[in-house]
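# Remarks on the overall topology
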Amino acid sequence: MEEQDSCPSCGDKKKNMSKSKRKELGLSCMLNTEVGAVLAVLRRPIDPTAQFISPQEDQFDSSIQQSLKSLRGLIFNPPQEWRSIDPCIYLSPFLDVIQSDDIPAAATGVALSAVLKILKLAIFDQKTPGAKDAINFVVTGITSCRLEKTDPISEDAVMMKILQVLTGIMRHNASVLLTDQAVCTIVNTCFQVVQQSVSRGDLLQRSARYTMHELIQIIFSRLPDIEVREGENSESDTEDVDETSGYGIRCAVDIFQFLCSLLNVVEVVETEGSTWQTADEDVQLFALVLINCAIELSGDGIGKHPKLLRMIQDDLFHHLIHYGTCSSPLVLSMICSIVLNIYHFLRRFIRLQLEAFFSFVLLRIASPGGASLQLQEVALEAIINFFRQPTFIIEAYANYDCDPICRNVFEEVGKLLCKQAFPGTGPMTTLQVQAFEGLVIMIHTISDNIDKENDSSTSEPYPVEITEYRPFWVDKPKDDLETWVEYIRVRKAQKKKILIAGNHFNRDEKKGLEYLKYSQLVSDPPEAKAFGFFLRYTPGLDKNLVGDHLGDPDEFGLQVLKEFTATFEFNGMILDSALRTYLETFRLPGESQKIQRILEVFSERFFNQQSSGIFVTQDSVLILCYSLIMLNTDQHNPQVKKKMTEEEFIRNNRAINGGNDLPREYLSELFHSISNHAISVFGLTGPVEMNPRRWIELMNRAKSMQSYILCDFDRRLGRDMFACVAGPTVATLSAFFEHADEDEMLHECIEGLISVARIAQYGLEDTLDELVASFCKFTTLLNPYASAEETLFAFSNDMKPRMATLAVFTIANNFGEALRGGWRNIVDCLLKLKRLRLLPQSVIEFDVASTSSSDATEAMKSESGVIFPNNDHKFFKRQPSGMVSRFSHYLSIDSMEDSISMGMSEFEQNLKIIKQCQIGSIFRNSYNLPNEALLNLGRSLIFAAAGKGQKFSTPIEEEETVGFCWDLIIAICLSNINRFQLFWPSFHDYLLAVAQFPLFSPIPFAEKAIVGLFKVCLKLLASYQADKMPEELIFKSINLMWKLDKEILETCCEFIIQSVSKILIEYPANLQTQLGWKSVLHLLSVTGRHPETYDQAVETLIMLMSDAFHLSRINYAYCIDCAFGFVALKNSPLEKNLKILDLMSDTVNLLIQWYKTAYSDPGHSYSSESNNSATSSSEDNTRSIESISFTKSLFVKLGEALRKTSLARREEIRNHAIASLRKCFELAKDLELTPTSCINCFNLVIFAMVDDLHEKMIEYSRRENAEREMRSMEGTLKISMELLTDVYLQFVKQIAENPGFRTFWLGVLRRMDTCMKADLGEYGETKLQEVVPDLLRKMIRNMKEKEILVPKEDDDLWDITYVQIQWIAPSLKEELFPDEL
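Source: prediction; values computed, not measured. (Residues numbered from 1 in each chain as written. Predicted model: local features only at pLDDT ≥ 70, side-chain atom pairs only at ≥ 80, totals over all residues. Heavy atoms only, no water.)

Per the secondary structure count, the chain includes 60 helices and four strands. Out of the 1381 residues in the chain, the part that is buried amounts to 53%. Within the chain, counting contacts between residues at least 6 apart in sequence, those at least 24 apart form 76% of the total. Looking at the chain as shown, the accessible area adds up to about 61,100 Å², and 51% of this sits on carbon and sulfur atoms. (Helix = DSSP H or I, 4+ residues; strand = E, 2+ residues; numbered from the N terminus. Buried < 20%, exposed > 50% of the residue type's maximum accessible area, 1.4 Å probe, protein only. Contact = heavy atoms within 4.5 Å. Areas by Shrake-Rupley, 256 points an atom, 1.4 Å probe, with all protein chains shown as cover.)

As a further point, take the packing of aromatic side chains. Geometry of an aromatic ring pair is reported as the spacing of the ring centres plus the angle between the planes. Applying the stated rule across the entire model yields 55 aromatic pairs. Taking 6.2 Å as the distance between ring centres and 25° as the angle between the ring planes, the aromatic pair formed by Phe 602 and Phe 606 counts as stacked. Here Phe 602 and its partner Phe 606 are both found in helix H25 (residues 592–609), four residues apart, which amounts to about one turn of the helix. Side by side, Phe 602 and Phe 606 carry an identical accessibility label, which is buried. Measuring from centroid to centroid gives 5.8 Å for Phe 615 and Tyr 666, while their planes differ by 80°, and the two rings are edge-to-face. One end of the pair, Phe 615, is in the loop between H25 and helix H26 (618–636); the other, Tyr 666, is in helix H28 (residues 664–676), and 51 residues separate them in sequence. Classification of Phe 615 as buried rests on a relative accessible area of 3%. Clustering of aromatic rings is evident, with ring pairs tying together Phe 564, Phe 568, Phe 570, Tyr 582, Phe 586, Phe 602, Phe 606, Phe 615 and Tyr 666. (Phe/Tyr/Trp six-rings, centres within 6.5 Å; stacked < 30°, edge-to-face > 60°.)

The computed volume of the largest pocket comes to approximately 1,300 Å³. Lining the largest pocket are 39 residues; nearest its centre among them are Arg 407, Arg 536, Tyr 537, Pro 539 and Val 688. Among the residues making up the lining of the largest pocket, the classes are represented as 19 nonpolar, nine polar and 11 charged. As a volume, the second largest pocket reaches approximately 530 Å³. What lines the second largest pocket is a set of 20 residues, among which Asn 783, Pro 784, Lys 832, Arg 835 and Lys 951 lie closest to the centre. Ranked by the residues each element gives to the lining of the second largest pocket, the list is headed by helix H35 (residues 822–835), at five residues. Residues of the lining of the second largest pocket, tallied by class, amount to eight nonpolar, five polar and seven charged. (1 Å grid on protein atoms, 1.4 Å probe; cavity = no way out; pocket = protein on both sides within 12 Å on 5 of 7 lines; lining within 4 Å. Points joined across faces, edges and corners; volume = space filled by probe spheres on them. Nonpolar A, V, L, I, M, F, W, Y, C, P; charged D, E, K, R; others polar.)

Counting residues in each nonpolar core, the largest one holds 459 residues, and the members touching the most others are Phe 256, Leu 316, Leu 575, Leu 624 and Tyr 1288. Residue contributions to this core peak at 13 residues, all from helix H55 (residues 1235–1261). Residue contacts for Leu 624: discarding those within four places in its chain leaves Leu 575, Phe 615, Phe 649, Asn 653, Ile 656, Leu 662, Tyr 666, Leu 667 and Leu 670. (Core = buried A, V, L, I, M, F, W, Y, C linked by side-chain atoms within 4.5 Å.)

With that settled, consider empty space enclosed by the protein. Throughout the structure, instances matching the rule amount to six cavities of 30 Å³ or more. Roughly 60 Å³ of volume is contained in the largest cavity. Contributing to the lining of the largest cavity are Arg 351, Ala 398, Cys 402, Asp 475, Lys 476, Trp 484, Tyr 487, Ile 488, Arg 491, Gln 706 and Ile 709. For the lining of the largest cavity, the element with the highest residue contribution is helix H19 (residues 481–507), accounting for four residues. Classifying every residue of the lining of the largest cavity by side-chain character gives six nonpolar, one polar and four charged.

Among the secondary structure elements, Ser 359 is positioned in helix H14 (residues 351–366). For Ser 359, the contacting residues outside a window of four places in its chain are Arg 364 and Arg 407.

It is at 9 Å that the axes of helix H24 (residues 575–583) and H28 come closest, and there the two elements cross at 40°. Relative to H28, the element H24 is oriented oblique. The residues of H28 that touch H24, namely those facing Leu 575, Asp 576 and Arg 580, are Tyr 666, Leu 670, Ser 673 and Ile 674. Of the residues in the contact of H24 with H28, the class split is four nonpolar, one polar and two charged. (Axes fitted to C-alpha atoms, helices over the stretch in contact; angles between N-to-C directions. Parallel < 35°, antiparallel > 145°, perpendicular 65-115°, else oblique.)

Our focus in this paragraph is a positive patch on the surface. Judged by side-chain charge, Lys 1043, Lys 1046, Lys 1078 and Arg 1089 come together as a positively charged surface patch. Along the chain, Lys 1043 turns up in helix H44 (residues 1029–1044). Among the residues examined, Lys 1043 registers a relative accessible area of 55% and is labelled exposed. (Patch = residues over 30% accessible without salt bridge, like charges linked within 9 Å, V, L, I, M, F, W, Y side chains within 5 Å. Salt bridge = Lys/Arg side-chain N within 4 Å of Asp/Glu carboxyl O. Lys, Arg positive; Asp, Glu negative; His and termini not counted. Charge placed at Lys NZ, Arg CZ, Asp CG, Glu CD.)

Let us look at the packing of helix H6 (residues 131–143) against helix H8 (residues 180–196). Axis separation between H6 and H8 bottoms out at 10 Å; the angle between their running directions is 30°. When the interaxial angle is binned, H6 and H8 end up roughly parallel. The handedness of the crossing between H6 and H8 comes out as left-handed. Mapping the contact onto sequence places Asn 136, Val 139 and Thr 143 in H6 and Ala 182, Thr 185, Ile 186 and Thr 189 in H8. In terms of residue class, the contact of H6 with H8 is made up of three nonpolar, four polar and no charged. (Left-handed = near helix turned anticlockwise from the far one by under 90°.)

Attention now goes to the pattern of salt bridges. Tallied over the full model, the rule gives 48 salt bridges. In this structure, Glu 411 engages Lys 492 in a salt bridge whose closest nitrogen and oxygen atoms are separated by 3.8 Å. Highlighted residues: Glu 411 in helix H17 (residues 409–421) and Lys 492 in helix H19, separated in sequence by 81 residues. Classification of Lys 492 by relative accessible area gives buried; the value is 5%. Residue Arg 1268 pairs with Glu 1269 through a salt bridge whose shortest N-O separation is 3.6 Å. Classification of Arg 1268 by relative accessible area gives exposed; the value is 66%. One salt-bridge network, in which partners are shared between bridges, spans Asp 1334, Arg 1337, Arg 1341 and Glu 1375.

Within the element layout of this structure, Val 283 appears in helix H11 (residues 281–298). Val 283 gets classed as buried once you look at its relative accessible area, which sits at 16%. Counting along the chain gives 19 residues from Val 283 to Asn 264, while the straight-line C-alpha distance between them is 9.0 Å. Ignoring sequence-local partners within four residues, the contact set of Val 283 consists of Leu 262 and Val 265.

Attention shifts here to helix H38 (residues 906–917). Under the 1.5 Å per step criterion, the end-to-end length of H38 is 17 Å for 12 residues, consistent within 8% with the ideal 16 Å. When H38 is considered as a whole, its buried residues turn out to be Gln 909, Asn 910, Ile 913, Ile 914, Gln 916 and Cys 917. Relative to the axis of H38, the buried residues are bounded by an arc of 155° and lie together on one face. Residue Gln 918 follows H38 closely and has a positive phi angle near 50°. (Expected span 1.5 Å × (residues − 1). Arc of directions from axis to C-beta.)

Our next topic: the side chain of Thr 1093. Mapping Thr 1093 onto the fold places it in helix H48 (residues 1091–1106). Once you skip the residues sitting within four places of it in the chain, Thr 1093 turns out to touch Cys 1053, Glu 1054, Ile 1057 and Thr 1087.

By the element assignment, His 1110 lies in the loop between H48 and helix H49 (1116–1127). A residue is classified by how much of its surface remains accessible, and His 1110, at 15% relative accessible area, is buried. Residues His 1110 and Tyr 1067, spaced 43 residues apart in sequence, show a C-alpha to C-alpha distance of 9.9 Å. Discounting residues that sit within four places of it in the chain, His 1110 has contacts with Pro 1068, Ala 1069, Trp 1077, Leu 1104 and Asn 1115.

These figures come from the coordinates and say nothing about function on their own.
Below, the structure is given as structure tokens:
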């Protein structure tokens, strides 16, 4: 114990040795037991009833027993460990028993059990010496088993043992040392048992098939680990294979070929005395299961081995397509599973094969009427399984739909699903539901991949335009993703153009070819190859026209014919197959020369591609082609009575092969082929079948075509591909929703609807509009024939309308940016909900006061608590998954039964649903809408407010609806105030358009518009806007509205004065445009006419003019006009009018200030703008002159206003107006009026005032009982004459410098004369006779003092004045002109 403790490693070694000895002893005991069991069975008497046991040496080979006894002698004294002993030593005795002819079945069975036990206990492994020979020796022994002396029961038992041993061999770790031949032998032996078991018990058959399945699993699971050996890529069937490394690809190829051959196993069917052969479905299924297993386990490892890959591409796919079109549902299902597995692992190598499978199998069977209902369901299920693969539909679209020479696989499958899912008149069928499931999967797949979060990839442009010529038949590898996507999108556009060109070609050959040039599908100058590919691959072309075109005699036509023929691959075809393939694509023309040209080109192509080398010259092919066409006519023309025989055909074609005969067998094969199946020289019509020659052509094409492109979704491709099926998809969704009754189906419809919207937002606006229009009709809100009560009842008692309503408004909330015309439907639904009282009192509420400076930052709220954000919007990110889950939540908990159980009334249920629609957020988040969507929404609301598409039962209903529409219009305007100038011009155009409607009524439309527009105006003016355009736009619309009906100013005067006062008091500095000031001051003047609003209006004006800071060149004239409007009002307070007149005269100080500064303008940005602009000195001077001139014109404007005021009815106002005018002229000395300006002021203001007052005085003198008014007017005229004199004397020096002074002076004298001689009729003399002489004396003396009026030789002013004074006031002549007496 102490020694063991001191050396633990020694103890471990002893333990391991003891364990090894026990294992070796156990193996020896096992072998001894098995040997004893075999010997015991051999010693057992053959006849159990015999009384005596005879010696066995006489019955069996003594050598077998001797070998067993020898093994027994070795068992307990092995020379070394069993793992190191050659396995043949202890396997040979058992294998001898198995292979012996005379051994009974019982002994064979025991020997097989012994071998199986040896294999399972792994006595040897692949490293054991002699293991390779031993494992192969076991295979030879087992497959050579003899069962001569046995009965059926014992034989079945032995076969079961054989199956177990075969499995044990392949599961043994030394099985890798098996040769390819040995593995093939194992599989062949197992299949023999399968065949023999057909006539035996079911247990054996099941076991044999299970074993076969296990063997295939074991063999092909090793395939991915087998390395490709040198020389294997040659695809040769005869190259040498290194047998030293165990079995490999060679046996896999042979076994796979064997499995494919099982698909052709036939069974003979006898009925009513006749027999025929049909495919053995049981064997087919068995083979398909094994093939599927092999592919599943091999995976993409098959792609590394060209032989096996070629077998799948060619033999397997050919069989699958052939039997897929004419098999039972079970076989078809298995075939579809195999193709799907091949797609998973090997789709890079099966581009054309996969297209052919869809074209010839799935699309045909799944089409309505294409097969039985059960087969259609299987085909549809297969299509759906393909659609479930993440990248299948995008890859199908990129590889086939975008290739001009391939079919539109995705588009055809998508439209097929729509067609099959579209409900009919009867109840839903399982096929329709299944197809609808596939359609929804397709929609979800596309939407989930192109509408990803945080995906900033572009979706423009759409559609793609062909901007340059590109050969449409050339594939481009996927090197750079961006350029590749753009390339295949262009190819898809080319494909569409090719189809259009084909339609033109069928109508007019020249127009079709010209369209190719117009669409840049052919080069300039034209390229023959493009025309050749067009004629070859464009579907639906008129075959007669194609044949005629190919036979054109010109040089370019011949080149087109050669390029057309070059698209055919005739490798591996015999002549009649090639000729059939060629003539299927067009109708051979009737003209002999054209036929000759076509056949010559065909013969050249076939001769160059022949693989057998039978023909020595091209002419040999041409001659035989003519002979075949003649034979075809002879054999299949009913008018030919005597048919050509085979011998005659062979004799007719002697010595045509370069002077020699063609092989008789070849000619005989051609003769029988033509006799049995006619060549269609008129072009193939009807459905195309996949026959061997067409398969050969497909395989030849596959060699030169680019391999299947693997790709992921791109937003542009996803959108393009959905556009191909958008119309049928929307129609199917709508129809299915209409006919579906189950909640689950309705759920799927709505989720499909949301997914379509997610796709359509990326450039498919028309699709989204169509979808919204379709589902709006399911809301029952737009039924024009239903009364409000009927609509409300339908909405309240059916889940479908409520689901549709929620879906429509969900789309509006989440995808409104992609809506265009669909907004009209949504607005119509919204208005109907409003009339049904299903909306809150107001969906949107905005506070007019919120636009003030103090609370402009406050958010607006609706009655339902919806918060409306400010202009500083943060764009939100949609979460479609959350939206759909909200839908599911709504539909799951708000069923009618649940609502009733919760004690909710119908009205409460409806309100809850409308609340879930979140209608307010549509307008709250309208700042997210792009311009076009916003314009469409606004157009829909404006048109609805104008009554388009609306029917009102009462005026109250009309007023409520119009008001509601304008509330929504203003809500979106306020939410988008930062881009007002972008959308409002179009809104204004809509307002102009509705005003032209035949039955348009301005009331209440314009009333509500005025109210709403002023809210927007206040919001715009609440802060300074650098851009003046929004202000111009809003006032342009405000003016349009009140001009529609002037009564609006009467009905809205209180609101108008509130808004105008707010603008002029709080935001005058932000009012920057002439139109703005003109509109505001005009409306202020208008509101002053109403007693209710006069006080506020006049106070607003007085406040504005008192604080002259906000008066500017822009608004001065309008302000004067407004002031005159107030003063001119009848019965207005005198003190207010006098105050206004004083303020008007005070404004001259402003004019003086502007005159002096010339550039600055208080309260206006004119100065800063001029300072910031770099202008030349000459431009500055020009601007200064214009400013001075404009200022003087404003002075004239003021004078004219006061002149008109001087005609007022009340004397106080008239006299005060003249006093104000006097004040203005007194201050005007600082304006430095030029002589011309002075004369202009006199003409427009003073002279006009005097003339008007004189006229008024004379008018009153003609009236009865008007002496008081006449004398009052006379007094005012006197004051005005005094004003004339004073102003004249103030500016006489400047006026005298004007060349027109003489005329001007005569005008002054004429007015003095007029007043002096005024005829007042019965009221007596005018008091002006006392005033005028004094005024004349004053003026003439002043003129003399200033030497203006002095006698001059060259000036007659003195003389003219003297003459006029004599006429006007003769009494002054002596005093003023003493020298003239």
